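# Inside the fold
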Amino acid sequence: MASGHERYDWGARIARRVWSSALTYCSLVRALVTSVALTAGVLLAGCNSDEISLANNAKANQPVPPKLVADMAEKNMDLQSPMLVRLFKQEAELEVWKQDRNGRFALLKTYPICRWSGDLGPKVREGDRQAPEGFYSISPAQMNPQSAYYLSFNTGYPNAFDKALGRSGSQLMVHGDCSSRGCYAMTDEQIAEIYSLGRESFFGGQRAFQLQAYPFKMTPLNMARHRNNPNMPFWKMIKEGYDHFEVTRQEPKVDFCEKKYVFDATKPPDAAKDPVFEASAKCPAYVIPDEVTRAVAEKQQADQAETAKLIAQGTPVARINTGIDGGMNKVFASKLPDGSTGLSEGGDGQGLSLVALSRAPGTIPSHVNPPRGPVTSPDEPLAASLAQAQASTPATRVASAAPNAQSDGFFSSLARKVGLGGAADTTASNPPPAVPAKPKIIEAKRSDPVAAVPKTAAATPKPDTTKPDTTKQAAARPPQKPALADPPPATAPAAAAPAKDGMVAGAQPIVSPNSFDSRFQSFR
């Protein structure tokens, strides 16, 4: 029989084991709690990641339409390859380009723009109703899945160049709703598709896609027609970036110095560090790759020669300061009563009957206003300007009548009113546009794959709840829109230039995102 002392030792050992087990259990519980806490933290952090903020609702999470995915496969593109956007006011078109598997950008799809506001030319100040022109970088933080305009992304205006010139403005967007006061407005169905393409490019590793906004396609004919426009020096400057893209099919690297744009600049051969650019400072020493310089120079010489030829042939000068507030693609204008394309191609009623039976790419809201004018004050709503203009003068027409219009017969006037024939523009009788020589596409080496998107992007932007039009209906839209129908033949994109293997030496497929404000409050 065990003594009392032995029974005490045995009891102590049991107690120690129980206590040890309790400690182990507590440690396991603490570890489990810690694990849960860490997991919750990761999940909470994930709520602010690019993936979640870009697609945090049904609208922003719509898949790319199967037909568009099939088009990418046919054009040797990947769904998540980098993309690039070009905008043209005069043509009222938005182009989406995607990088193919050879490393070159090719045109994927052209979207007709439903509405843009202002005049041809860059935005200068807050409230001038101008849609911006120039080169901008769109990062994930600039995508707004909670936009009151269905979906949107911030153009990033003003960039460093705009700021160096003292230009002001904010919340300049590409969005849905077909309503613009300084923005580029698409239909809801269109912006859903464009948004999904940008989202997938970000998921594929693109840190920012480039937005190039132009007054018109920078062809010799357009440069000849607008040769007397006071914005021509600025347009020639951004045309250089246009030409860089045309000959390289690479996203041009954009820098600013001495209050001007610089494209595809690299460090000199004897330099140890890359040049540092500041928009208002003197330009640092830099070089542009020789093959890019030669190809751009050849294109510019050909364009200048063709422009001079067109001017010598008497190409009329486009009118300036028409007082019309922006433009609209004719595929949309043809669907509206008294629709006008404004400053976009087509003019007031010009050829709209030819596309009246075609299908619009998306839903046109009942509150949309076709381009009219003049706007008497930058801060004045368009409706008030229209009321004043109608009270004092007849309604402004985009295409003014010919001098002998008063002698037209009854049937001529009737034909113009119903859209079967338009009054001749004062700059009409343009010679047939000469076919410019195709830019030389230069060859080079392919670049390295892009880096993954960082997980520390800005939180989801605040919804833009301010509406520009006081007459807008407040009816709620369904969360998703049907896929776009095939575009009408009049707006079908031109075939992309054939791709060649490789990339241009010194060119970069991705431009680093600039630091832009991403507030979403009002549209101006």
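Everything below is about the structure printed above this text.
Residues numbered from 1 in each chain as written. Predicted model: local features only at pLDDT ≥ 70, side-chain atom pairs only at ≥ 80, totals over all residues. Heavy atoms only, no water.

So, about the sheet that holds strand β9 (residues 184-185). As summarised here, the arrangement of the 5 strands in space is β4-β9-β8-β7-β6, forming an open sheet in which the pairing is mixed. Where the open sheet ends on each side, the last strands, each with one partner, are β4 (115-116) and β6 (143-144). One ladder, built from 2 bridges, connects strand β8 (residues 173-175) with β9; its direction is parallel. Within β9, the residue paired with V174 across the bridge is Y184. (Pairing = 2+ DSSP bridges. Helix = DSSP H or I, 4+ residues; strand = E, 2+ residues; numbered from the N terminus.)

Before going further, it helps to examine helix α5 (residues 188-203). Taking 1.5 Å of rise per residue, 16 residues should cover 22 Å, and α5 covers 22 Å from first to last C-alpha, within 8% of that figure. For α5, a buried count of 15 out of 16 residues is recorded, marking the element as mostly surrounded by other parts of the structure. (Expected span 1.5 Å × (residues − 1). Buried < 20%, exposed > 50% of the residue type's maximum accessible area, 1.4 Å probe, protein only.)

So, about the pairing of strand β12 (residues 260-263). Along a regular strand, successive side chains alternate from one face of the sheet to the other. Pairing between strand β11 (residues 254-257) and β12: 4 bridges, direction antiparallel. Along β12, the bridge assignment pairs C257 with K260. The hairpin turn running from β11 into β12, its antiparallel successor, is 2 residues long, and E258 in that turn takes a positive phi close to 50 degrees.

Before going further, it helps to spend a moment on the sheet that holds strand β1 (residues 83-88). If you walk across this open sheet you meet the 5 strands as β3-β2-β1-β10-β5, and the pairing is mixed. The sheet is open, and its two edges are formed by β3 (105-112) and β5 (134-138), each paired on a single side. With direction set aside, neighbouring strand axes in the sheet form an average angle of 20 degrees. Where β1 lies against strand β10 (residues 209-214), 5 bridges are found, and the strand directions are parallel. The residue of β10 that forms the bridge with L84 is Q210. Running over the sheet, helix α3 (residues 66-74) touches β2 (93-99) and β3 and is turned about 150 degrees from β3. (Axes fitted to C-alpha atoms, helices over the stretch in contact; angles between N-to-C directions. Contact = heavy atoms within 4.5 Å.)

So, on to the packing of helix α7 (residues 232-248) against helix α8 (residues 290-312). Close contact between α7 and α8 brings their axes to 9 Å; oriented N to C, the two are set at 115 degrees. Taken as axis vectors, α7 and α8 run roughly perpendicular relative to one another. Handedness of the α7/α8 crossing: right-handed. Within the contact between the two elements, α7 uses K239, E240, Y242, D243, H244, E246, V247 and T248 and α8 uses V292, A295, V296, K299, Q300 and D303. For the contact of α7 with α8, the class distribution of residues is 5 nonpolar, 3 polar and 6 charged. (Parallel < 35°, antiparallel > 145°, perpendicular 65-115°, else oblique. Left-handed = near helix turned anticlockwise from the far one by under 90°. Nonpolar A, V, L, I, M, F, W, Y, C, P; charged D, E, K, R; others polar.)

So, about the environment of F216. Within the secondary structure, F216 is located in the loop between β10 and α6 (220-225). We classify F216 as buried; its relative accessible area is 0%. Sequence-wise, F216 and E345 are 129 residues apart; in three dimensions their C-alpha atoms are separated by 9.8 Å.

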